[in-house]
Amino acid sequence: MFNIKYKWLFSIVLACFTVFGAVIFDINSAAKAGENIAAKKNQAVEAPVAVQEPSACETVNYIAVKPLDIVAKPTQYLNKNIVMDAVFDKFSTLGLDYKPALRENAKYIGFLIQRDDTTDHDVPLSEMKIFLKREYAEKFVDLETGDKIQIKGRVFSAALGDPWIDADELTVTQKAKVKEEPVKK
């Protein structure tokens, strides 16, 4: 078919196309790989955001509020540090493990304060969910209904239209008066 003269020429041309084609393919592949790497570098990487706790040297500014004001407008105080005076009612599990404002019952304990708009009897302010870390709450096992307290914390959610508060600090300002029962004879 082919003359010997053309066979070696044909072989050389075929070898040149093979080598040249391989080199072009490698250059294109490397260029595309470089584009992919550059595109990945320019993409924003979503990493979990760590909430930075204030250090001992930093001061945290608290807004002094009344409990019923927070209940009336919880979104106004959302993500704000608040301080309020209240009357302790009782420890409670109300609101724990509710997914939209999750505070696990293994790590937190809730407590209720009394409404300050009623004076003739004790009514808990159940619309306000206040949470303490369990380790910190162990310091307050002797709290009694009627003890006056000061709460410093942060409104972290307004789920269900109610304020959900992480209490950072709890201070007993006045112990409740112990009612003495008359001695029966």
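Throughout this description, residue numbers start from 1 for each chain and increase along the sequence as written. Given that the model is predicted, a residue must reach a pLDDT of at least 70 before its local features are reported, and side-chain atom pairs must reach 80 or more before they are shown or counted; all residues, however, enter totals for whole chains, interfaces and linings. Derived side-chain values reflect all non-hydrogen atoms in the structure, with water molecules and hydrogen atoms excluded from consideration.

## Some points on the overall build of the chain
Consideration 1: Within the chain, the regular secondary structure consists of three helices and six strands.
Consideration 2: Exposed residues in this analysis have more than 50% of their type's maximum accessible area, buried residues have under 20%, and partly exposed residues fall in between, with area computed by a 1.4 Å probe over protein chains only. Relative to its 185 residues, the chain shows a buried fraction of 27%.
Consideration 3: Any two residues whose heavy atoms approach within 4.5 Å at even a single point are treated as in contact. Contacts in the chain between residues at least 24 apart in sequence constitute 60% of all its contacts with a sequence separation of at least 6.
Consideration 4: On the chain, roughly 13800 Å² of surface is accessible, and the fraction owed to carbon and sulfur atoms is 57%. To qualify as a helix, a DSSP run of H or I must reach at least 4 residues; to qualify as a strand, a run of E must reach at least 2; elements of each kind are numbered from the N terminus. Per-residue and other accessible areas follow the Shrake-Rupley method at a 1.4 Å probe size, with only the shown protein chains counted as cover for residues.

## Examining the environment of Tyr98
Consideration 1: Tracing the backbone through its elements, the reader meets Tyr98 in the loop between strand E2 (81-92) and strand E3 (108-113).
Consideration 2: Relative accessible area serves as the criterion here: at 29%, Tyr98 is assigned to the partly exposed category.
Consideration 3: Taking the C-alpha atoms as reference points, Tyr98 and Ala159, 61 residues apart in sequence, are found 9.4 Å from one another.
Consideration 4: If near-sequence neighbours (up to four positions away) are discounted, Tyr98 is found in contact with Ala159, Leu160 and Trp164.

## Concerning the nonpolar core
A general feature of soluble globular proteins is that nonpolar side chains tend to end up buried together.
Consideration 1: The biggest cluster of nonpolar side chains holds 24 residues, and the ones touching the most others in it are Met84, Phe111, Ile113, Met128, Ile130, Ile149 and Ile151.
Consideration 2: Mapped onto this core, the elements with two or more residues apiece are helix H2 (67-72), E2, E3, strand E4 (129-133), strand E5 (148-157) and strand E6 (164-174).
Consideration 3: Top contributing element to this core by residue count: E2, with four residues.
Consideration 4: Sequence-distant contacts of Ile149, defined by excluding residues within four places in its chain, comprise Met84, Asp85, Ala86, Phe88, Phe111, Ile113, Leu143, Leu170, Thr171, Val172 and Thr173.
Consideration 5: Counting seven residues, the second-largest nonpolar core is a separate cluster that includes Leu96, Phe131, Ala159 and Trp164. Working definition of a nonpolar core: buried Ala, Val, Leu, Ile, Met, Phe, Trp, Tyr and Cys residues. They are joined through side-chain atoms within 4.5 Å.

## A closer look at the side chain of Gln114
Consideration 1: Among the structural elements, Gln114 can be located in the loop between E3 and E4.
Consideration 2: Setting aside chain neighbours within four positions, we find Gln114 in contact with Val87, Phe88, Asp89, Asp122, Val123, Pro124, Leu125, Thr145 and Gly146.

## Things to note about the pattern of salt bridges
Consideration 1: Each salt bridge in this description consists of a side-chain nitrogen of Lys or Arg and a carboxyl oxygen of Asp or Glu lying within 4 Å of one another. Applying the stated criterion to the full structure yields six salt bridges.
Consideration 2: One salt bridge in this structure joins Arg103 and Asp166, with 2.7 Å as the shortest N-O distance. Of this pair, Arg103 sits in the loop between E2 and E3 while Asp166 sits in strand E6, placing them 63 residues apart in sequence.
Consideration 3: Here Arg115 makes a salt bridge to Asp117, at a shortest N to O gap of 3.1 Å.
Consideration 4: When its relative accessible area of 44% is taken as the criterion, Asp117 is described as partly exposed.
Consideration 5: Because the salt bridges share partners, they merge into one network encompassing Arg115, Asp117 and Glu127.

## Notes on the packing of aromatic side chains
Consideration 1: Centres within 6.5 Å make a pair out of two Phe, Tyr or Trp rings, where for Trp the six-membered ring is used; the pair is then stacked when the planes are under 30 degrees apart, edge-to-face when over 60, and tilted otherwise. Counted according to the given criterion, the structure contains seven aromatic pairs.
Consideration 2: Pairing Tyr98 with Trp164 gives two aromatic rings, centres 5.5 Å apart and planes at 15°, and the pair type is stacked. Within this pair, whereas Tyr98 is found in the loop between E2 and E3, its partner Trp164 is found in strand E6, the two being separated by 66 residues in sequence.
Consideration 3: Between the aromatic rings of Tyr136 and Phe140, the centroid separation amounts to 5.3 Å while the plane-to-plane angle is 70°, which identifies the pairing as edge-to-face.
Consideration 4: The class of Tyr136 is partly exposed, set by a relative accessible area of 21%.
Consideration 5: Overall, the relative accessible area of 10% leaves Phe140 in the buried class.
Consideration 6: Connected via pairs of aromatic rings, a cluster forms that spans Tyr98, Phe131, Phe156 and Trp164.
Consideration 7: Positioned above the aromatic ring of Phe156, the side-chain terminus of Arg103 is 3.7 Å from the ring centre. Lysine NZ or arginine CZ positioned within 6 Å of the ring centre and within 35 degrees of the ring normal marks a charge as sitting over the ring.

## A short note on unusual backbone geometry
Consideration 1: Of note, Asp97 is a non-glycine position whose phi angle comes to about 65°, a positive value.
Consideration 2: Note that Asp97 resides in the loop between E2 and E3.
Consideration 3: One non-glycine residue, Leu160, lies in positive phi territory at about 65°.
Consideration 4: Looking at where Leu160 falls in the secondary structure, it is placed in the loop between E5 and E6.

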